[in-house]
Every structure is written in structure tokens, then in C-alpha cells.
Amino acid sequence: MLEAGAAAKRWCWLASVLAVGCSDLPDDQLLTSAHFRYHARADAVLDPTIMNRLEAQRAEFDARYAVDPGVIDYYLFRDAADRDANSPCPTGNNCTDQRSVMSSAPFHEHELVHAFLNASGAPAPVVAEGFAQYAACIFPHLAYLVPPNQWPVAVGSSSEGPVTEAKAYVYNFGQRLVAWMMAAGGTTMVLDFYHRSVGTTDAALFALQFERFWGRRLGDVAVELQDARYAGSSCPCTAPALSDDGSATSFVTLQEYRTVDVAAQSRLELASDGGQLVFPFVCANAADDGPILPIHDAPRGASLTIARVGSGRYGVTAAYPATGTAVVRQSRRAADDWTCDTAAANPVALAGREITAWVAPGMKAGTWFAFTLDGDATLDILGESTEVVVCPSCAEARSALSPCGIPEITFGLPKAIPVPRPSSGTIVIALFSHDSTGTSLGVRLRSAP
Amino acid sequence: MTARRGRAALRCVVFTGLVGAAFAKTAAAADRLPSPWLVEPEARVGADVTAGSARQIIQETLELGVGVTARREGWAWRGRAGLDVEPLTDIGPGASLQIFRAHLGVERDWRRHLVTALDLGGAVRRLSIADEITRTAPGITALAEVGWRVFLDARWSLTAGLRSSTTWFFPDEFLWQEIGIALTLGRSRAP
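If you're wondering where the values come from, they're calculated on a predicted model, not measured in any experiment.

**Student:** Please set out the state of the cysteines residue by residue, giving values where relevant.
**Tutor:** In a disulfide, the sulfur atoms of two cysteines are covalently bonded to one another. Residues and elements named next belong to chain A. For the structure on display, the rule yields four disulfides over all chains. With a sulfur-sulfur separation of 2.1 Å, cysteine 137 is cross-linked through a disulfide to cysteine 235. With the S-S dihedral at roughly 105°, the linkage between cysteine 137 and cysteine 235 falls on the right-handed side. Taken as a pair, cysteine 137 in the loop between α5 (125–134) and α6 (151–155) and cysteine 235 in the loop between α9 (218–224) and β6 (249–252) lie far apart in primary sequence, 98 residues in all. The same class applies to cysteine 137 and to cysteine 235, which are both buried. Covalent S-S linkage joins cysteine 340 and cysteine 394, the inter-sulfur distance amounting to 2.0 Å. Every disulfide takes its handedness from the sign of the S-S torsion; for cysteine 340 and cysteine 394 that torsion is -95°, giving left-handed. Linking cysteine 340 in helix α10 (residues 340–345) with cysteine 394 in helix α11 (residues 394–399), this pair joins segments that are 54 residues apart in sequence. Assessed through its relative accessible area of 7%, cysteine 340 is described here as buried.

**Student:** Break down the sheet that holds strand β3 (residues 72–76) of chain A for me, citing the residues and quoting the values.
**Tutor:** All names here are of chain A. The mixed open sheet is built from five strands, whose spatial order is β1-β2-β3-β5-β4. Both edges of this open sheet fall to β1 (29–32) and β4 (95–97), since each of them pairs with a single strand only. Going from strand to strand, the sheet's axes swing by 20° on average, the running direction of each strand aside. Pairing of β4 with strand β5 (residues 100–103), which is carried by three bridges, proceeds in the antiparallel orientation. For cysteine 95, the partnering residue across the bridge sits in β5 and is methionine 102. Contacts from helix α2 (residues 50–65) reach β1, β2 (36–40) and β3 within the one sheet, and its direction differs from that of β2 by about 135°.

**Student:** Tell me about the pattern of salt bridges, residues and numbers included.
**Tutor:** Side-chain pairs of opposite charge can arise where the charged atoms are in close proximity. Residues and elements named next belong to chain B. If you walk through the whole model with that rule in mind, you get 35 salt bridges over all chains. With its nearest N and O atoms 3.2 Å apart, the salt bridge here joins arginine 78 to aspartate 109. With arginine 78 in strand β3 (residues 77–92) and aspartate 109 in strand β4 (residues 95–110), this pair connects stretches of sequence that are 31 residues apart. When sorted by exposure, arginine 78 lands in the same class as aspartate 109, which is buried.

Parameters and conventions
Residues numbered from 1 in each chain as written. Chains lettered and ligands numbered in written order. Predicted model: local features only at pLDDT ≥ 70, side-chain atom pairs only at ≥ 80, totals over all residues. Heavy atoms only, no water. Disulfide = S-S within 2.5 Å. Helix = DSSP H or I, 4+ residues; strand = E, 2+ residues; numbered from the N terminus. Buried < 20%, exposed > 50% of the residue type's maximum accessible area, 1.4 Å probe, protein only. Pairing = 2+ DSSP bridges. Axes fitted to C-alpha atoms, helices over the stretch in contact; angles between N-to-C directions. Contact = heavy atoms within 4.5 Å. Salt bridge = Lys/Arg side-chain N within 4 Å of Asp/Glu carboxyl O.

Structure below.
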């Protein structure tokens, strides 16, 4: 979102528009639909069906939040350099100014949320960015923990400029704060606060208004935000379902998502041959948790996600690489036996793929998976609450006091934990939750480079 | 009464006492000044309602102010300078807000009783929430006033004014807008 700090650049841009009578915003090509005008450079290759996806996202957002933002102008820049040179966005950032989205990405869910909410108010950055992080289906976000005593930094910082710890606090604290507000007061109150919130970066002023509106000390709420219930984005999950007859379903990466309805606890496998990582995420009460998307690493080829899911509706989204079409094939079978022996009896071959094991929130006992390695592998831990046991066999897992442990279980770090190929060629992996927050668990396994 | 409130009350008493002493001293000095310049002190109390974004923070405020006016004998125009404070306590859990303004301006008498004035100046917003956080933000302010002045006797006047002010706190581009009424007691001779 465009904010105060970009004012100088915005005024320069406005001045140039007024003085010259034209701007350098992309406008060589124009696609239109009922609620969007899509502007692009002459050399951009546009897919006209993108208007359908924009309309679909808007319809879903409107149904969920009942806002009427009017017609949105979406300006697609050639690349980041084009955007930085020819838009009022702060350098290095996509942005939204009023109802105009300016981005070098063809579809930017986060910025679109800003545009959808434009008529709803101009709140403090922590609320505006938090809402845009929270209301996400295509690219849901896991909001990282912000130390409670850092709330003045989170609510007192700008969301512009290069990535800094303070800027990250704005987004992460903001998302958790919006999730908290949704839980505390529901959509109507949150939108009312969004409307009333003053667009300040004065932490004390924001805190005062927050406390007067919600009747709670922001410092106390900041402690409650540590709860994993507030870690994820929220999605209405009204997108079409993945095909369940064994055929593939295609959808454009980072422009749309799909859903899966699960009747009973099941083993859900999502295979993608297109190179995208495909993830399920929780829809119902999605503030309870969100998917964990490893956004920085692109898979090297085919990927497979194996998920233990309970009954309910789940979203399915495709992450990086950010272009192309995900071709996803699901297989699903009811499964309530996730013991080590059962997993070991049917190991899944890594076979050069990138495999993600994911456990939906609320699964009380440990969940075992087994994989056949054709060489050494590496492991990334994806869930904030994930505790991992990796063993060559179930027997070793049962016998050792500290079974076959890996050096660190901390979420996020270290990356790419080495997993040597055992002589048997098979490993078993158990996912446990090391806390009682009920968040999802996950690991990603891939062949060592 | 908590210790914090006690200290706040003590500060308020001390502040009021200092202002009163300064007012009396200035009034006495004004009487000693030779003509044709008249420098006359004034003190003011007012009540404001906020508008715009400020209304999301607080709806009503109390305003206290002191100032001096200076004019030449017989002139309808006066220059004036003033200091205002809006001391807002208990506006939230442990929260207090003060807005200080210092301004310079001009005022004009119209047909003896009607007064109009325009002031420009600087402002400081100080907001504290318990012991957790205190933030101070500078700003610039503009104020317009229309008043009706009555002369109580040969030296004292009382002005009932309608005042509208806008203060722009530039660190967060926050506009604090108010409109209110004020009673100004001045050491003022009729023009």
C-alpha cells in the first residue's frame, strides 16, 4: 500500500502527470471487465482469461467482506525496474494507490486486497498490511512471531522501503492483530475499526485508538498474538474443487486456487508435474492456522505433497515458481492409521522429486511417513510447531531414547538438514507438535544437491 | 488516587499557579507601559469538539491558554501571541494526551465588540500510555476566531469566542481539527 513516505514521489508523479498531460503508467493494452481495467505495455503477452480470475477473486472477497470498491485499475509493469521508474510506488515495492494496483506481477493478491478495501478507510499501516496478509487464499501467509514487547515498533513503522525487521513486524504483527480482531469482534467490527483507524505511525496514537475501540491494552493483546490461532491467513474457500476422479486439474499459479472436501480423516496426495509446489491449507476457521509456503526455493521438478487431513474443506494452492500452470492430480483415501509400521510398509519413493509431508492442525498423535531414498537427501522443517524424528527404521525409532535425532528442530533454521541415505534405503519420519497450539506440521524432503 | 494522578494534579496546580503569577505580573507591567503601545495579557479557558480523524481519538477537549496582545492606542488591529494547552487525562487505560500550541497572530476589533483573529504557530502532541510508551510529535497549527467582547470595566474585558483550529502533525501526517468556544479574560481597554 502506498503510504506517507512515498508522498514526495507520488507528488512528483502527479506533477509530471499534470505537467505533461500523460504518464508512464502502462496503457498500451487494455483489457476490461465489469470491475477491472487491466493496463499493460505493448510488449506484454496477456491472457484475456486473467480478467475472469480477477473477477473471481473480487467476487469471493466481496462475498466475504461485503465491500464495494468500484472499478479497479490494474497496471502491469514490464518488470520491477519499469515499475520503480514509472510508478509512484516506493522503490522495490508493488503498491496500491486508491483503486490503482501497480505491480510487476500479473496478479497480485495482496495489492488487490488493498484496492478492494480502498473505500473502506485509510488505516494505520499495521492494519492495512495486516488485513492484506490475513485475507489471502492464493498466497496465504504464515505470520511469524513478533516479540510482544516489540509492538511499538510494529505499529509505529512504515510498510515501505527495503525489507527490515521493523517492516517485517508491520506485516506479521498486523496479520496476527487482524486475526485477533476477527476472533474478538467479527468482520463487522474489524471493518468498522478499519474505517475509523487513523493512518498514523505514531505507536502511542494507534495504541490509544485501539484501546478505546477494543477495550483492551495493545500491550496485553500483543502477548495473546503469540498463539498459533492467529498465525494464518483466512480464506472463504469458495473456489472450484480439484477433480477427484484421477484426472488432472489445472490452475494458474499464484492467480487462483482450488479446494478439496474431505469427509473423514484421509491421506491426501497432491502430485504436480509442472514444477510448482502444491499445498493444502485449512479453510474453515483458517485463522487457526495457515499453510506454510517455502517461497524462496523453487522445486527442481515434479513435486508431491502427502497430507494427513481431517474432515472439512481445504484449499489447494500452488506456490513458486510464480509463473505457469499447475497441473495437479489428487489421490485420496481414508486413513486413520498413521503409525510407523503402517508407513514403513508403504514407503514413497523420493525419485528425484520434492516431497512435502503435511499434517493438518488438530491431529493429536504423531504422524509417520516413510520414504525410499536413492541418495542422500535434505530436510526442511516447515511448521512453526513441528518436531521431527528421522530414523532408518521403526525398530530404531522405538529403541532409542533420543531416536535418531537430527541436530535442530527449530522452525526455519537450519535449512536443508542433511539426511544421509541409510543402508536400507528407507527412512521413516515422524511429525509431532512440540506445543499445544494445534498448528499444522510439515517437512520438505528433497534429494541432496 | 494513584501516585501518577497525584503527581499530575500537583503539576496542574503548579502550572496554574505559575500561569496566574505570570498573568498578574504581566498585567501590572502593562499598566506601567507608556502610551501609545498597549500590551495587555489575557487568559482563556475553552471547550472544543474534535472533527475528522481527531474524533476517532477524542470527542471533546478542554483548552487553557494565556497570551498577550499588543496594539497602538486607537488602532483596531492588534498583534497577539499565545500559549495553549489541552491536557487530556484518563482518555484510555492509563493514557494521557497533551497538545501544546504556541502561536502568533492578529486580531481586529469591529465596532467595539466584534473581534476576529487569525493565528499561526507550532504545536507538540505528547501521548503517553501508562509506563509503556510515550510519543511526541511536532506540528503546525492555524486558528481562526470570531468573538464578542464586552468590557467589564475600564480595564478588563471578557470575550466569548468561537474558535476553529487545524493542527497538522507532520511525522504521521495527522490532522487534528477542532471547533470550540472560549472565554477570554483580558486586561483590555476599550478601543
